[in-house]
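Each chain, letter by letter, is given below.
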Amino acid sequence: MNRAILVRFGDLVLKGKNKPAFIKQIKEILKQKLRKLNVKFEYQHDRIFVHFDEIEEQQVLKQLTYVSGVHSYSFIYKTEKDLDKIAALSLEVIQIEMKFPSTFKVETKRIDKTFLSGSLEVSQRISGMILPKLEGVTVDVKNPEQILNIEIRLDAAYIYMGKIMGLGGFPIGLGPKSLVMLSGGIDSPVAAYLMMKKGIEVELFHFESTPLTPLESVQKVIDISKKLSKYMPNDKIKLHLVPFTKIHEDILKFVEDSYIITIMRRIFYRMGERFAIKNKLDALINGESIGQVASQTLGSLKVVESVTTLPILRPLITYDKNPIIDISKVIETYDISVRPFNDCCSIYVPQRPVTNPTIEFSLKQEEKLVDLEALMMDALNHIKTLEITPETDLEIALHGFDVREALNNL
């Protein structure tokens, strides 16, 4: 049986004259994602067929879930443009793909206009030929539970049932690059994933503050990065670890308690902007969701983002927590994020954090940090950058308590 996977595109149809460039990029990403498997590609206009070894079926399907720009895919079967052969193969396809007896209908798309008199006729004749051979299955043309799709093309007839939904969006690599403010929590990895779905290539920026924060908090971020790397075209993602301990100590020592998180986040964005501009990254991405915590009220967001002129992308801004958790489970970061090891923003939370801070009072608090500029420059000059892949085998906890020494020894 001639069986392959048909890959479809979604929003790419909106791209007009740029559509070929997007499809070319998806082809390249597919080659990267499936490079370790025994597959062959067949291209027909804006359609991609993936021919695969049956024993690798599950691995192929798994890798397709990491390709942004793919709307859906189906197992598709090919035969000659002959009614008897189409009917015979349709019967086989139904027996393979229909997991339980149900109602169905046949839908035909007739690209080859020389074949019979019309799509409806093909559907009716095929239905009449296969229905008597199907036990417990009936036709329902208005509300079928399943659809048998037949495409009569110039070269052959193609048959498929059902669709497996892909990531959608656009392929990574043609759009802008952005910097994700990555914590070890649930939200920011999901934000990174959602932006990658839209075709944005990302790098990860994490403020580590050992020994104020536990060594295991860095391990969490490394392990989260491994999961996110699967969505990058070449399975590689850059993780930048920023030494924040000295600045963190000064914030805790000199800043008024209710403003600690506000000032910390303003410093995060100053440093993120400088790093992004230097490395030609176009925007900052975070996992903020409006009103979820005190630092994510509109008033807080306004004060924090006032320190940067770069665009700040907040894909989770309207999300409730449960949908965010659901996505984190899909991308396999949830179990990592809930490990009981806090990072900079969660290791010390004021009893009464300010929910409506002002820029004026924030500036007064920052004046207490007399060495802030020098400390920020020193931290930016000592960033440790790791290139993370799904296979990265890195256990920071085994290297001792001093994370900087551990990282420098890698």
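Residues numbered from 1 in each chain as written. Predicted model: local features only at pLDDT ≥ 70, side-chain atom pairs only at ≥ 80, totals over all residues. Heavy atoms only, no water.

(A) Broad picture of the overall build of the protein. When its secondary structure is counted, the protein shows 15 helices and 15 strands. Across its three principal directions, the C-alpha atoms of the protein cover 85 × 45 × 40 Å. Counting all 410 residues of the protein, 54% fall into the buried class. In the protein, once contacts between residues fewer than 6 apart in sequence are set aside, the share between residues at least 24 apart is 80%. Here the protein carries 54 positive and 53 negative side-chain charges, and the mean point of each set is 5 Å from the other. (Helix = DSSP H or I, 4+ residues; strand = E, 2+ residues; numbered from the N terminus. Buried < 20%, exposed > 50% of the residue type's maximum accessible area, 1.4 Å probe, protein only. Contact = heavy atoms within 4.5 Å. Lys, Arg positive; Asp, Glu negative; His and termini not counted. Charge placed at Lys NZ, Arg CZ, Asp CG, Glu CD.)

(B) A look at helix 3 (residues 83-97). Its 15 residues give helix 3 an end-to-end C-alpha distance of 20 Å, which sits within 8% of 21 Å, the value for a rise of 1.5 Å per residue. Looking at the buried residues of helix 3, the elements they touch are strand 1 (2-9), strand 4 (70-79), strand 5 (103-110), helix 4 (119-130), strand 7 (146-152) and strand 8 (157-161). Where helix 3 starts, the residue carrying a side-chain oxygen 3.1 Å from the main-chain nitrogen of aspartate 84 turns out to be aspartate 82. (Expected span 1.5 Å × (residues − 1). Polar contact = N/O pair within 3.5 Å; in protein donor to acceptor, adjacent residues only side chain to side chain.)

(C) Structural view of the packing of aromatic side chains. In total, this model carries 12 aromatic pairs according to the counting rule given. A centroid spacing of 6.3 Å and a plane angle of 0° characterise the contact between phenylalanine 41 and tyrosine 43, whose relative ring orientation is stacked. Residue classification places phenylalanine 41 among the partly exposed residues on the basis of a relative accessible area of 24%. Residue tyrosine 43 is classed as partly exposed on the basis of its relative accessible area, which comes to 34%. Seen in terms of ring centroids, phenylalanine 207 and phenylalanine 244 are 5.2 Å apart; in terms of plane orientation they differ by 70°. Their pairing is edge-to-face. (Phe/Tyr/Trp six-rings, centres within 6.5 Å; stacked < 30°, edge-to-face > 60°.)

(D) Spotlight on the sheet that holds strand 13 (residues 283-285). Strand order in the open sheet formed by 6 strands is 14-13-10-11-12-15, and the pairing between neighbours is mixed. In this open sheet, the two edge strands, each paired with only one partner strand, are strand 14 (312-313) and strand 15 (384-388). With 2 bridges joining them, strand 13 and strand 14 adopt parallel strand pairing. Considered in strand 14, the bridge of isoleucine 285 is made with leucine 313. In the packing of helix 5 (residues 187-197) onto the sheet, the strands contacted are strand 10 (177-181), strand 11 (201-208), strand 13 and strand 14, and the crossing angle to strand 10 comes to about 165°. (Pairing = 2+ DSSP bridges. Axes fitted to C-alpha atoms, helices over the stretch in contact; angles between N-to-C directions.)

Interpretation note: all reported values are geometric properties and have no functional meaning in isolation.
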